[in-house]
Amino acid sequence: MAPNILAYENEDVELLPEFEKKGYRTTPIIYVNGERVPRDVATKARPNQTLLSFLRDDMLLTGSKLGCAEGGCGACTVMLSRANVETGTITHISVNACLMPVLAADGCHITTVEGVGTVKGDNLHPIQKAMVDMHGSQCGFCTPGIIVAIYALFANNPTTAYVEEHLDGNLCRCTGYRPIWDAARSLCTDSDSGVTRGPCGTSCRECPERDECEMECNEQDKLGQKEEKKTESTPKSKTCCSTSDHKISQFKDTIPESKSEWLEQPSNLFPKELLLQDSTAEGRELTKPLIVASCQAYHTGTTWFKPTTLIGILDLLKRFGNDGGCKIIVGNTEVGIEMKFKNAPYSRLIQPSESISNLYDVTTTPTHLEIGACTSLSTLQHRCDTLSKDGFSPRTVNPLHDMLRWFASTQIRNVACLGGNLVTASPISDMNPMLACMNANLIISSLSDTDANTIIRRTVPVSEFFLGYRKVNLQKNELVEKIEVPLLQETLEYAMPFKQARRREDDISIVTAGMRTLLAIKDGGFIVENISISFGGMAPTTILATKTAEFITGKPFNETTFENAQKVLKSEIALPENVPGGQAEYRMTLACSFLYKFFLGVALELKKDTAVLQGKMPGVEIPEAPIIEEDEVSGAATFVSAKKPTSRGTQKYPAPKVAEGLEKELYDIKSVSISEDGSKKQRLTIPLAKMNAVGNATPHMSAPLHCTGEALYTDDIPLPSRTLQGSLIHATQCNVTLENIDVSSGLEIPGVISIYTYSDLANIGGDNTLGPIKHDEVLFVPTGDKIVTVGQVLGIVVAETLESAEAGARAVKVTYGTSESKPIISIEDAIQAGSFYDFASHVIEKGDVESVLNSKVSEEGQVVTVSGSFRSGQQEHFYLETNCTLAIPSESDTNLTIYCSTQAANKTQMFCASTTNTPASKVVVRMKRMGGGFGGKESRSVFISCAAAVAAKLSSRPVRVTLGRDVDMSITGARHSFVTNYSASALVTSDGVKLLALDVKLYNNGGCGFDLSGPVMDRALFHVDNCYFWPNFRAAGHVCKTAQPVHTAFRGFGGPQGMAVTEHVIDHLALACNVPGDCLRRNNMYKVGDHTPFGMVMGESCSGKWNIPTMWDRLYQELDFPSRHAAIEEFNSKNKWTKRGVSLTPTKFGIAFTSRFMNQGGALVHLYTDGTILISHGGTEMGQGLHTKVCQVAAQAFGVPLESVYINDTSTDKVANTQPTAASMSTDMYGMATLDACKKILDRLKPIRERLGNQVSLREIANAAFFERIELSATGFFALDESRCGYDFGPPPDDVSSDAPENQWRGNPFNYFTQGVVSCEVEIEVLTGNHRILRSDILVDVGSSINPVIDIGQIEGAFIQGVGWCTLEEVIYADDDHTWIRPAGKVFTSGPGTYKIPAFNDVPEEFNVSLMEDVDNPVAVHSSKAVGEPPFFLGCSVFFAIKEAVRAARSENHNDSYFEMRLPATSERVRMMCADKIAAENIVAVRKNEQDESSESAILDTTQLVSSFQPKGSY
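None of the values given here were measured: they were computed from a predicted structure.

Calculation notes
Residues numbered from 1 in each chain as written. Predicted model: local features only at pLDDT ≥ 70, side-chain atom pairs only at ≥ 80, totals over all residues. Heavy atoms only, no water. Axes fitted to C-alpha atoms, helices over the stretch in contact; angles between N-to-C directions. Helix = DSSP H or I, 4+ residues; strand = E, 2+ residues; numbered from the N terminus. Parallel < 35°, antiparallel > 145°, perpendicular 65-115°, else oblique. Left-handed = near helix turned anticlockwise from the far one by under 90°. Contact = heavy atoms within 4.5 Å. 1 Å grid on protein atoms, 1.4 Å probe; cavity = no way out; pocket = protein on both sides within 12 Å on 5 of 7 lines; lining within 4 Å. Points joined across faces, edges and corners; volume = space filled by probe spheres on them. Nonpolar A, V, L, I, M, F, W, Y, C, P; charged D, E, K, R; others polar. Patch = residues over 30% accessible without salt bridge, like charges linked within 9 Å, V, L, I, M, F, W, Y side chains within 5 Å. Areas by Shrake-Rupley, 256 points an atom, 1.4 Å probe, with all protein chains shown as cover. Salt bridge = Lys/Arg side-chain N within 4 Å of Asp/Glu carboxyl O. Buried < 20%, exposed > 50% of the residue type's maximum accessible area, 1.4 Å probe, protein only. Pairing = 2+ DSSP bridges. Phe/Tyr/Trp six-rings, centres within 6.5 Å; stacked < 30°, edge-to-face > 60°. Lys NZ or Arg CZ within 6 Å of the ring centre and 35° of its normal. Core = buried A, V, L, I, M, F, W, Y, C linked by side-chain atoms within 4.5 Å. Polar contact = N/O pair within 3.5 Å; in protein donor to acceptor, adjacent residues only side chain to side chain.

(A) Summary view of the packing of helix H31 (residues 905-916) against helix H32 (residues 942-955). Viewed as axis vectors pointing N to C, H31 and H32 meet at an angle of 40°, and their least axial separation amounts to 9 Å. Considering their axes alone, H31 and H32 lie oblique with respect to each other. The two elements H31 and H32 meet at a crossing, and its hand is right-handed. Contacts between H31 and H32 involve Lys907, Thr908, Phe911, Cys912, Thr915 and Thr916 on the former and, on the latter, Val942, Ser945, Cys946, Ala949, Val950 and Lys953.

(B) Highlighting empty space enclosed by the protein. Following the criterion strictly, the structure yields 18 cavities of 30 Å³ or more and no others. One number sums up the size of the largest cavity: a volume of about 440 Å³. What lines the largest cavity is a set of 34 residues, and nearest its centre among them are Gln1184, Ser1224, Gln1354, Gly1428 and Glu1429. Elements supplying a minimum of two residues to the lining of the largest cavity: helix H40 (1186-1198), helix H41 (1226-1252) and helix H43 (1348-1367). When the residues that make up the lining of the largest cavity are grouped by side-chain class, the tally is 14 nonpolar, 13 polar and 7 charged.

(C) Quick peek at a nonpolar patch on the surface. Taken together, Ile521, Met617 and Val620 make up a surface patch of nonpolar side chains, about 210 Å² in accessible area. Under the relative-accessibility criterion, Met617 is labelled partly exposed at 31%.

(D) Just unusual backbone geometry, in detail. The amide bond that connects Arg1382 to the next residue, Pro1383, takes the cis arrangement and shows omega of 5°. Residue position: Pro1383 is located in the loop between H43 and strand S49 (1406-1411). In this chain, Leu1463 is followed by Pro1464 through a cis amide linkage whose omega measures 15°. Positioned with a positive phi, His135 is a non-glycine residue whose angle comes to about 65°. Here the phi dihedral of Asn1217 falls at roughly 55°; this positive angle occurs in a residue that is not glycine. Within the secondary structure layout, Asn1217 lies in the loop between strand S45 (1210-1211) and H41. Judged by its relative accessible area of 59%, Asn1217 falls in the exposed class.

(E) Region of the structure containing the packing of helix H16 (residues 377-389) against helix H17 (residues 394-405). Closest axis-to-axis distance for the H16/H17 pair is 8 Å, and the angle between their directions is 140°. As judged from the angle between their axes, H16 and H17 are oblique. In this structure, H16 crosses over H17, and the sense of that crossing is left-handed. Contacts between H16 and H17 involve Leu377, Leu380, Gln381, Cys384, Asp385, Leu387 and Ser388 from the former and Pro394, Val397, Asn398, Leu400, His401, Leu404 and Arg405 from the latter. Classifying every residue of the contact of H16 with H17 gives 8 nonpolar, 4 polar and 2 charged.

(F) Up close: the sheet that holds strand S31 (residues 842-846). The mixed open sheet is built from 6 strands, whose spatial order is S31-S40-S39-S38-S33-S32. Looking along the sheet, the strands with just one partner apiece sit at the ends: S31 and strand S32 (857-858). Pairing analysis gives 10 bridges linking strand S39 (residues 992-1007) to strand S40 (residues 1032-1041), with the strands arranged parallel. Bridge pairing in S40 links Asn1004 to Val1039. Running over the sheet, helix H35 (residues 1055-1073) touches strand S33 (861-872), strand S38 (978-989) and S39 and is turned about 140° from S33.

(G) Molecular detail of the packing of aromatic side chains. Throughout the structure, instances matching the rule amount to 37 aromatic pairs. With centroids separated by 5.3 Å and ring planes inclined at 35°, the aromatic side chains of Phe562 and Phe599 adopt a geometry described as tilted. Pair noted here: Phe562 is in helix H22 (residues 559-572) and Phe599 is in helix H23 (residues 584-616), with a separation of 37 residues, a long-range link. A residue is classified by how much of its surface remains accessible, and Phe562, at 0% relative accessible area, is buried. Taking relative accessible area as the criterion, Phe599 reaches 1% and is therefore assigned buried. An angle of 80° between the planes, with centres 6.1 Å apart, marks the rings of Tyr1086 and Trp1106 as edge-to-face. Highlighted residues: Tyr1086 in the loop between helix H36 (1077-1083) and helix H37 (1100-1103) and Trp1106 in the loop between H37 and helix H38 (1108-1118), separated in sequence by 20 residues. Among the aromatic residues, those joined into a cluster by ring pairs are Phe1022, Phe1094, Tyr1287, Phe1289, Phe1310 and Phe1313. In this arrangement the basic side chain of Lys22 is found over the ring face of Phe19, its NZ or CZ atom lying 4.8 Å from the centre. One cation-aromatic arrangement involves Arg929 over Tyr713; the distance from NZ or CZ to the ring centre is 5.8 Å.

(H) Structural detail: the environment of Val950. Tracing the chain through its elements places Val950 in helix H32. Note: C-alpha distance between Val950 and Gly1231 (281 residues apart in sequence) is 35 Å. Those residues in contact with Val950, other than ones at most four positions away along the chain, are Leu761, Leu779, Phe780, Thr915 and Thr916.

(I) Quick look at the nonpolar core. Residues Phe535, Phe557, Trp1030, Phe1198 and Phe1359 are the most contacted members of the largest nonpolar core, which totals 276 residues. Ranked by residues supplied to this core, first place goes to H23 with 16 residues. Beyond its immediate sequence surroundings of up to four residues, Phe535 is in contact with Pro433, Val511, Thr512, Ala513, Met515, Thr541, Thr542, Ile543, Ala545, Leu569 and Ala591. Grouped together as the second largest cluster of nonpolar side chains are 75 residues, Ala42, Leu103, Val335 and Ile483 included.

(J) Representation of the side chain of Thr1314 in the model. Turning to its location among the elements, Thr1314 is positioned in strand S47 (residues 1312-1325). For Thr1314, the side chain forms a polar contact with the main-chain oxygen of Ala1426, separated by 2.9 Å. Other than its neighbours up to four places away in sequence, Thr1314 contacts Thr1147, Lys1148, Phe1149, Ile1151, Val1340, Asp1341, Lys1425, Ala1426 and Pro1430.

(K) Representation of helix H4 (residues 126-133) within the structure. Taken across its 8 residues, H4 has 6 buried, putting it largely inside the fold. Within H4 the residues assigned to the buried category are Pro126, Ile127, Gln128, Ala130, Met131 and Val132. Two residues or fewer past H4, His135 is found with a positive phi of approximately 65°.

(L) Here's a closer look at the pairing of S33. In this structure, S32 lies alongside S33, joined through 2 bridges in antiparallel fashion. Note on S33: the bridge partner recorded for Ser858 is Gly861. Here S32 hands over to S33 after 2 residues, the two strands then running antiparallel side by side. Sheet analysis places S33 next to S38, joined by 11 bridges and oriented antiparallel. Following the sheet pairing, Thr865 is matched in S38 by Ser985.

These results come straight from atomic positions and should not be treated as a statement about function.
Have a look at this one:
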């Protein structure tokens, strides 16, 4: 059978009669949300179709989202329920519908988010209601998956510990996770709402001995109670305070008294037909095997088998296995990836039925643990936990259980099987090394060649199963039937798992290990009788370190033996510098570190065993275990076996008020507020509302729709008839000429309608050029032009199905020319080649930098000067909703309607018009909501929409283009990486240290097109001073032109990269001046009246109230920073292998577009005769709550309840010529524009209101106005005062005043600053590089908040996104540092498998956020401040706290000198920068591996090598 041919026919169809005679059925039986899928729909289910595709495309259930197609984000999560007919029990599990084949749901019940609850009739499930009320949804794209994941957990075990342990398979890019945690815990059956219990189990506050008890838990709880009373006594007019525990307690009062009703919903919804197999037609059918042979048009012809006996499986393997296209499939977690991303040709898929018990059972014998090969990893995990609690060989099952906790995610573990994990032979598998070191065996089965009913079995040790990369000792007609794990002895035998990844949860390992040893008593001590050491991530296969084991065996069990063993291990696992996967030094260091951790762990366990042995062996002298010094004990700790931490926090904000802002000055609109008793402090314009809209903590207005999956995103829009699916054709090389595109092969793919390239665009007169500032990009590369980046778009294929379109794109043959030069990829490459966008190079300078930096002495004191460099990496936007466009032509293709996910509706409109040669007036762009944007859809979404528009116009049919996650991440650009070289000086006097001068040269990587890289660099220049006064300052910015994809806006827009440089420089100066960094920062903050390098004066009239010093002092005092420093120093002195660090970091972020013309916005307001209001404005909603805030502003103006105001979408035919939703300016602009329109309507209504009186409703007033022919619609417009925006980088005019602050003539780039301070405390594991955020306290000045809970949500989300940038998230390219990736210039990190954003487990364990009080901002709407971008940089405080912890570790090794800690602080950088003996030896070892030891270069300066070592990165 030919594999993966898109055809109408499948030759296996001819086999159906044969298999039907054998008892096979041909139609799956699937239930969804309590109803059986109709037969005519069920017959559409294809073997290679995912459950998600079936639900969305065939059942039109769009609540479950496609986020990544590889099970890495959880947006697609649904619940699968299956009955055990014998026991009558129902199993509920969460699964990734994007990976699970629809036919694997045969005999199952699927619950999607639509089946959980609905907004119709206010039928939200308590989980959905909790998410709404606790503000757990922002953009809402990830929310349905999270809801269902929690729903499935509650269906199994609704306890806090269970939820905290297993909520690990979903990602959220917006919220920062804290409110989701609160919502989930609020419904747990055992939640005590923060009640502290001692070891006795009694609540401390209910303990009769509370006053006398001196236990730490009681003392801490007493302090907590005092704080609660202090908060309660605070006048309500001052502060609103809400803790996680308080919210959980409050919410419990709002849910149904009887939890059983909604907790039992999953089981009550389960179809009875699936429970009663023998007595129903469906049940009887389900006992039969299943065959489905797909032959649908424009889809791959594949066949699905579901045999119900082991012989049935083996018979299929014997018959079809040698074809090479036959695959056993259980969870599809690996095969699905191979088929989706590697186009693996599997034409026949075999799913073993769960009725084959020996494949799915976990059983025990006196000598072994036996695991069916198809047993899900979750089943094995929970079974091991149960066995351990029952006392069955804990030493055997605990290591397996602990490793499985961190294996992928709950959704993956629920379906993935252990046999599949072994057979796929991943070199970085977590379980394979564990099984190998435990001497596990595989039982492999096949059918006899002579007797079809005889099964032949053979045994293969796991350690001998792996033959090479992805090759195993398994014939094509064989099946792994079960795994046998020998039981460990009760004493003196130990097995331990080890793992280190980029992120703790749901991440593949960098290095993983399983180690087991058996000790014996000999010659008055303990010797190593037997040891097995197995690694993943150190070779193309799972390996055993046999030489190291041989070295250790027979030797005394002591530290010396294991230290010497590390030398053997380094030689045995030696990696070359450019080993595939990279990180050679780190991987070798981890392997040696794991070995040392194993010694420490066994030594501590042995100490316990000696006591046991003395009791069991009276009269026998039991030797003492090796003594482990107290400061070494922490080295044995590992997150693998530790309890997952709980995250809780406090949110404080000023009591809601309606403050007067810019609207009073511009529109003479006076602030009106309603007191708590409902009386008006001033007369309302139209008095209907019972409470204020502005200032109120209102949930996101779309949150209920988010939580039920009923909110529509672009890819959810019902498709018009005859819609085509589009797939882009991408270049696979760069720095070469496009010689030819042969589309003939693509057109031969069934279902492909057409393929469009540049020539087709030219034929309709379209303009091929793109670019938001400079038109230096093209939509489709013309033949003969240079291809400037891997992934550049060459054309588009449109087809009847997405499968056909993608196959067509792959089939297109592209001919490339040869390259005569090496591509410029990194910033270093660009500097060396002089490749810059020179027109965008700018300098900000004040004072006399040169002379100050060159001076060595001063009359006032000593001048200290430092020089160095700093690098910050890129960051992928990872919005959960990838770029998507639906383009619909109409009116004989003269009109286009574009539905898309974009921050820039106007820009999309104009370029869709130009590329299709259509007047802009005939192109309408509509944007309902985005599933996240973060700047990534400000300009980089445009070319996708243009490609769809061109295809729609040329084909005269609607076209939808939805980028796959891998494509989106590969071609749409990222946050700019920066390399900065600096010199700085400070004056050391008896009064302290004062900053003197800063000279920085900043380079960013703009990629192959200019896009917004210049403005990004400009904002970096405007923020590189951060909050500090530099009397002499020079900052030069250069944008590098490289072969990377075009890089673009990202939350912060260059500001964070600039501020990170400053904080690094301050640390460097503090070290050189021998003063604490906190003191240097505080003593050099701006004071009122100081002016910035770009000429803005710090103070209310120019830049707003300057609050940073006050905020800093407040946190410093409230957190008792001196005591915290002392506590950390004490902790570090007692723990060699665990270090802590704390940082206090300020930020000021300028608010305004730095280009003056962009600071404008429009709105359209309609008042209907029923008293409701519809608003349209130029901003777009991406989760930031813009629409909610604008509705609040309008509701306050009209004096109506918030629910009377609505925003439908953003559309260019309602509000034209809009600006991108960016720069955190949208509420400022569109709130004011909306108020302008509201005022016009209110002014028209004023005579009627005065005539009818204040007690009539707005509906009555609107009706009266309508009959009096008074217009009830108005446009509004707002433009920021030109004196408060815009900056001129040009040469100075002749008449510049010498009395004015330097550069003030250039203008004020910002209207005001949003300000914040954060303290973060972290803990690092020196031996692995793992880190935890113990506590974060954030204080932000957001003016008078329009909606404090939305603002707090933005702060938390931005903070965690900032944490991701500076710790976990690393974009890697095929560059000189990563030559194992090809072709040159390719993005390696193109999905959640390789790129890690923060997960639920990465949230600070204590996460406190406060909004500053009494900080009104009169230059913005209702005295508020922008909040979207400013808090992002606060996440960098984690980076600087980690740096402090690393500094403590380096000090332990007598290395107190300056070091450059590059950003991000990945686990690799943290581990290697600690520069301890183990790390140093492996750095040297890798370098020696690369050198010819006979040459002179083999003589290394090891000290210099280690001190200058930097882990590789793409910058």
